[in-house]
Amino acid sequence: MTSSDWANPYGVRKPYGSNGPTNGDPEAGAHATFSADHPLVPWKQPDHMDQWVDVDHSGEQLKRFLARWPTLDELLDGGSGDGRVVIVSGLPGMGKTSLIHRCFHEARQRVAKGAAEAGDPLAVFVPTAGLMNDGHRISVGPDGSFAPVELINTRIRKEIAKRLLRHAFPEERVRSIVEEEDPYQAYGDMRDLLDQHNALLFAVIPHIRWNDAGLRTDFLRSCLSAAHPRIVLFVEVSHGAAETAREVAATLNGSAAVTHLALRELDAEDIWRFSHSARAANGGPGGLVEPDRSSLVAAHSEWRPSDVRELRTVFHSAADALRSAPHPWPIDADALRPHWERRRAGRASLLRDPIPPRSGG
C-alpha cells in the first residue's frame, strides 16, 4: 500500500479489493480499494478494528453486548431452552451494521477462547445480505412488490444453508431444512444438525424496509422463535425520528433471550472523537495539522451532521481537498464547512426539485 493511500486518514479499506479478500496479507491489501463510507468488518478485515471510533454511543452499546453475552456453555447447552437474538436499532446511517460486525467479531473471539474446553465447536458466521447488510433483494418479491414474511424467512434460511454446505454439512439434511414449511420446525432441525456437528450458528439479518410496524413486529417475533440453542441472530432495525428504540424492543416483551443495542444521535463531542480517533488509528496526521478541539466541538451547532455516514463522508471530502493545499492545514470547522454545506444543498435540491417523468410515458 502506498503512502498516498493513507494521505486521507478517513478512508475505509473495503474488505474486498481488486484481488479479492486480503485475509491479513499486506500484499493483497496493497490492491484494496478505499471508500468514504463502508461498514467496518473487523472479523474479515483486521485493520478495521483500528478504525473503530466511539461515536453515537456505540462504545457504550458494545459494553452492554459484552456484559449480557452468555458463556459458551450456555450457548451450546440444548437444555437452556433459548438461543439469542441481538437487536441493533437506530436511525439510518448511524453505524448499526458496523456495530453488528463488531459484536460478531467479539463473539468469534470468545468462541475461539473457550473452544478447547467446549470440544472445539465450529463457529459458522453468515452475513445473510452480504457485508453491507442490504436487505433489498431478500425483501422484494418476484413481481417487485414487498415480499411476505414467510418468503423473507425462507430466503434467509437459504443463505444460511449455502454457508452450511460450504462447511461440509450433509447436503440432504441441509436441503430438508430449507424445504421445511414450518419456520419453527426448520430451525429446530437446524439446531439438531448443529448439535450433531458441535457447531454454533451466528447469522446477521439485514435491515428491511417494512411497510408498517406490525409487519416488523411479526418478523422480530419470528426471529425470536428461530433462535434455538446454538443459534444466534443479529438483527438490524432502522426506525424513524418519530419512533423510539424502546418501542422497537417492546415488541418482544422483554424476553431474556433478547439483547437490545440502541444507537442514538450524534452529540458535539462526537465530531472531535471521530476526527481525533480516525487520525490516530491511521498512523498520525499524515501531513495534516491537528485541529483545535474546541473548533470541532463548536462546529456541531452549525453543522449538526445527521448520521455517522455524513460525518465520515464530509471529513473524507475535506481531507481529499486539503491534500493539494500549498501548506499544512487543519481539518477544522472552516475546512469542513464547504463540504457539509454542499451536502446540505444537495439534500435541499432533492426535496425541492420535481421528479422528472419517465420516458415513454
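Above this text you will find the structure in question.
Residues numbered from 1 in each chain as written. Predicted model: local features only at pLDDT ≥ 70, side-chain atom pairs only at ≥ 80, totals over all residues. Heavy atoms only, no water.

S.K.: Looking at this structure, how should I read the nonpolar core?
M.R.: In summary, soluble globular proteins display a tendency toward joint burial of nonpolar side chains. Residues F202, F234, F315 and L336 are the most contacted members of the largest nonpolar core, which totals 53 residues. Here this core gets 7 residues from one element, more than from any other, and that element is helix α13 (residues 308-322). Setting aside residues no more than four positions away along its own chain, F315 makes contact with Y10, I271, F274, S275, L296, W303, I331 and L336. Core analysis: the next-biggest nonpolar cluster, separate from the first, contains 39 residues, A147, I160, V178 and V248 among them. (Core = buried A, V, L, I, M, F, W, Y, C linked by side-chain atoms within 4.5 Å. Buried < 20%, exposed > 50% of the residue type's maximum accessible area, 1.4 Å probe, protein only. Helix = DSSP H or I, 4+ residues; strand = E, 2+ residues; numbered from the N terminus. Contact = heavy atoms within 4.5 Å.)

S.K.: In this structure, what is going on with the packing of helix α7 (residues 171-179) against helix α8 (residues 183-196)? I would like to understand it.
M.R.: The geometry of a pair of packed helices is captured by two quantities: the angle between their axes and the separation between those axes. Between α7 and α8, the least distance of the axes is 8 Å, while the angle of their chain directions is 160 degrees. Classified by the angle between their axes, α7 and α8 sit roughly antiparallel to one another. Between α7 and α8 lies a crossing of left-handed hand. Facing R173, V174 and I177 of α7, the residues of α8 in contact are A186, D189, M190, D192, L193 and Q196. Of the residues assigned to the contact of α7 with α8, the class counts are 5 nonpolar, 1 polar and 3 charged. (Axes fitted to C-alpha atoms, helices over the stretch in contact; angles between N-to-C directions. Parallel < 35°, antiparallel > 145°, perpendicular 65-115°, else oblique. Left-handed = near helix turned anticlockwise from the far one by under 90°. Nonpolar A, V, L, I, M, F, W, Y, C, P; charged D, E, K, R; others polar.)

S.K.: Please clarify how the layout of surface pockets should be interpreted in this entry.
M.R.: Unfilled space is identified by rolling a water-sized probe across the atoms. Here the largest pocket is characterised by a volume of approximately 950 Å³. Forming the boundary of the largest pocket are 47 residues, of which G93, K96, T97, E236 and R309 lie nearest the centre. Counting only elements with at least two residues in the lining of the largest pocket, the list comes to α4 (96-113), α5 (136-139), α9 (213-226), β8 (231-238) and α13. (1 Å grid on protein atoms, 1.4 Å probe; cavity = no way out; pocket = protein on both sides within 12 Å on 5 of 7 lines; lining within 4 Å. Points joined across faces, edges and corners; volume = space filled by probe spheres on them.)

S.K.: Would you mind showing me how to read the environment of L263 here?
M.R.: Tracing the chain through its elements places L263 in the loop between β9 (258-262) and α11 (268-281). We classify L263 as buried; its relative accessible area is 5%. Placed 168 residues apart in sequence, L263 and G95 show a C-alpha to C-alpha distance of 8.0 Å. Aside from chain neighbours lying at most four places away, what touches L263 is D56, H57, S58, Q61, S89, G90, M94, G95, K96 and L99.

S.K.: Whenever I open this one, empty space enclosed by the protein confuses me. Can you help?
M.R.: Tallied over the full model, the rule gives 2 cavities of 30 Å³ or more. Of the pockets and cavities examined, the largest cavity occupies roughly 40 Å³. Along the walls of the largest cavity sit N153, I156, Y187, I205, S222, C223, A226 and L233, which together make up its complete lining. Residue assignment for the lining of the largest cavity shows that the elements contributing at least two residues are α6 (149-166) and α9. Ranked by residues supplied to the lining of the largest cavity, first place goes to α9 with 3 residues. Across the lining of the largest cavity, the residue classes tally to 6 nonpolar, 2 polar and no charged.

S.K.: Looking at this structure, how should I read the packing of aromatic side chains?
M.R.: The relative placement of two aromatic rings is captured by the distance of their centres and the angle of their planes. Per the counting criterion, the structure on display carries 14 aromatic pairs. Of note, R102 hangs over the ring of W52, and the distance from its end group to the ring centre comes to 5.0 Å. Positioned above the aromatic ring of F125, the side-chain terminus of R108 is 5.3 Å from the ring centre. (Phe/Tyr/Trp six-rings, centres within 6.5 Å; stacked < 30°, edge-to-face > 60°. Lys NZ or Arg CZ within 6 Å of the ring centre and 35° of its normal.)

S.K.: Any chance you could explain α8 here in plain terms?
M.R.: The periodicity of an α-helix, 3.6 residues per turn, causes residues three or four places apart in sequence to face the same way. Compared with the 20 Å implied by 1.5 Å per residue over 14 residues, the 20 Å span of α8 between its first and last C-alpha is a close match. Every buried residue of α8 is accounted for by A186, Y187, G188, M190, L193 and L194. Buried residues in α8 make contact with α6, α7, β7 (199-205), α9 and β8. Between the side-chain oxygen of the N-cap and the backbone nitrogen of Y184 there are 3.1 Å, and the N-cap of α8 in question is D182. Taken from the residues just after α8, N198 is the one with a positive phi, measuring 45 degrees. (Expected span 1.5 Å × (residues − 1). Polar contact = N/O pair within 3.5 Å; in protein donor to acceptor, adjacent residues only side chain to side chain.)

S.K.: Looking at this model, I keep getting lost on the environment of G141. Mind explaining?
M.R.: The topology assignment puts G141 in the loop between α5 and α6. For the pair G141 and L151, spaced 10 residues apart in the sequence, the C-alpha separation amounts to 8.0 Å. With residues up to four places along the chain from it excluded, the contact list for G141 reads F146, A147, L151 and R155.

S.K.: Would you mind showing me how to read α4 here?
M.R.: In this model, α4 (18 residues) spans 26 Å end to end at C-alpha, consistent with the 26 Å of a helix rising 1.5 Å per residue. A large share of α4 lies buried, amounting to 13 of its 18 residues.

S.K.: Whenever I open this one, the sheet that holds strand β6 (residues 122-127) confuses me. Can you help?
M.R.: Think of a sheet as strands paired side by side through backbone hydrogen bonds, with each pair either parallel or antiparallel. On the basis of which strands lie adjacent, the open sheet formed by 5 strands has the order β6-β7-β8-β5-β9 and parallel pairing. With partners counted over all chains shown, the strands left at the sheet margins are β6 and β9, one partner each. Strand-to-strand twist in this sheet, taken as the mean axis angle between neighbours without regard to direction, amounts to 15 degrees. Across 7 bridges, the pairing between strand β5 (residues 84-90) and β8 is parallel. Residue pairing in the sheet places I87 in a bridge with V235 of β8. Of the strands in this sheet, β5, β8 and β9 are in contact with helix α2 (residues 58-68), which crosses β9 at around 170 degrees. (Pairing = 2+ DSSP bridges.)

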